[in-house]
Amino acid sequence: MNGLSTVINLLAYVTALVFVVGFLNKVILYFKTPNPLLIPTTPAPTTTMGVVARMIPEVLFFRSLLKGGTAEKVLWVGGWIFHVTFLLIVLRHLRFFTYPVPGIIMAFQGLGILAGLLFPIALLILIVRRFTNDRMAVITLFQDYFVLILIIAIGLTGLLLKYYVRTNLVDVKAFILGLLTFSPAQLPDSPIFLIHFGLVLVLLAYFPFSKLMHAWGILVSPTRAQADNPREARHVAPWAQ
Ligand code: HEM
């Protein structure tokens, strides 16, 4: 293994550690944060099962966003396409992480390519929306552009790898399986792959410290995830007991 391979293998492990520890740390923090008041957006369900039923269409279809005005509908289109295509791309990529590749992952290969092509378009909608809507432009921070540009760069370098500067996929798989089995292997000899993979590491390392934590946050968001039951049950914050 050459020096660069050793560095990238090490960086991948450090990144995985930062991601897992950082993510779990935030999950614990969210759980520990006091919820002194019941503030679900009404009309809200009065039971836990009702909350689950409310959350499912929220998570799968971003339902409440569809109830907004034009700006929210644009966000819905960009956001929904982005999340679905991201999921399909990840499913397609699992062929690098598994051996033998399960049939279900093989079944998603074609859809995954289509998703890869739609992916930058969805991200373009999300970034243009931040420039063109006055209200959005005011509240947009550097970090909002940063994640969008980072993810666009990951998608575009992926498309470059697929259509213009092919890399040896056998080497890619050996490298990834080497990481997963703690027997580090040679980095594929492809600068674009190095950039694609390096950007993914940046994304993973940054994830727990960014707004991308909404992926977990939505599940513990009081306005959505609380049952509206102040009459059925006494609600006492832990510190008030
Ligand atoms: C945030 C995570 C990632 C995103 C959004 C992403 C996105 C993409 C996209 C859109 C493509 C082009 C379409 C395709 O062939 O599927 C692609 C290709 C590729 N990606 Fe990724 N990728 C990610 C992570 C990774 C990782 C961790 C690896 C490491 C194995 C990787 C390796 C590759 C390779 C080798 C190709 C070329 C595939 C081919 O030639 O058929 N990607 N990626």
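Residues numbered from 1 in each chain as written. Predicted model: local features only at pLDDT ≥ 70, side-chain atom pairs only at ≥ 80, totals over all residues.

Q: Is there a simple way to explain the site of the ligand in this structure?
A: Among the 23 residues in the neighbourhood of the ligand, the closest are listed as Phe96, Gly116, Gly158, Leu161 and Lys162. No other element matches the six residues that helix H7 (residues 142-163) contributes to the shell around the ligand. (Near = placed C-beta within 6 Å. Helix = DSSP H or I, 4+ residues; strand = E, 2+ residues; numbered from the N terminus.)

Q: Would you take a moment to explain the environment of Val170 for this structure?
A: Relative to the assigned elements, Val170 resides in helix H8 (residues 169-180). Spatially, the C-alpha atom of Val170 lies 8.8 Å from that of Phe96, the residues being 74 residues apart in sequence.

Q: Teacher, can you tell me more about the packing of helix H3 (residues 70-97) against helix H5 (residues 109-132) here?
A: Any two packed helices are characterised by how steeply their axes cross, that is the angle between the axes, and by the distance between the axes. For the pair H3 and H5, the least separation of the axes is 7 Å and the interaxial angle reads 145 degrees. When the axes of H3 and H5 are compared, the crossing they make is left-handed. Grouping the constituent residues of the contact of H3 with H5 by class yields 17 nonpolar, six polar and two charged. (Axes fitted to C-alpha atoms, helices over the stretch in contact; angles between N-to-C directions. Left-handed = near helix turned anticlockwise from the far one by under 90°. Nonpolar A, V, L, I, M, F, W, Y, C, P; charged D, E, K, R; others polar.)

Q: Explanation requested: unusual backbone geometry in the structure shown.
A: Most peptide bonds take the trans form, and the phi angle of most residues other than glycine is negative. Cis rather than trans, the peptide bond between Thr42 and Pro43 has omega equal to -5 degrees. Secondary-structure assignment places Pro43 in the loop between helix H1 (3-32) and helix H2 (48-61). Cis geometry is adopted by the peptide bond preceding Pro100, which originates at Tyr99 and carries an omega value of -5 degrees. Residue placement: Pro100 occurs in the loop between H3 and helix H4 (103-107). You will see that Phe62, though not glycine, has its phi angle at about 50 degrees, which is positive.

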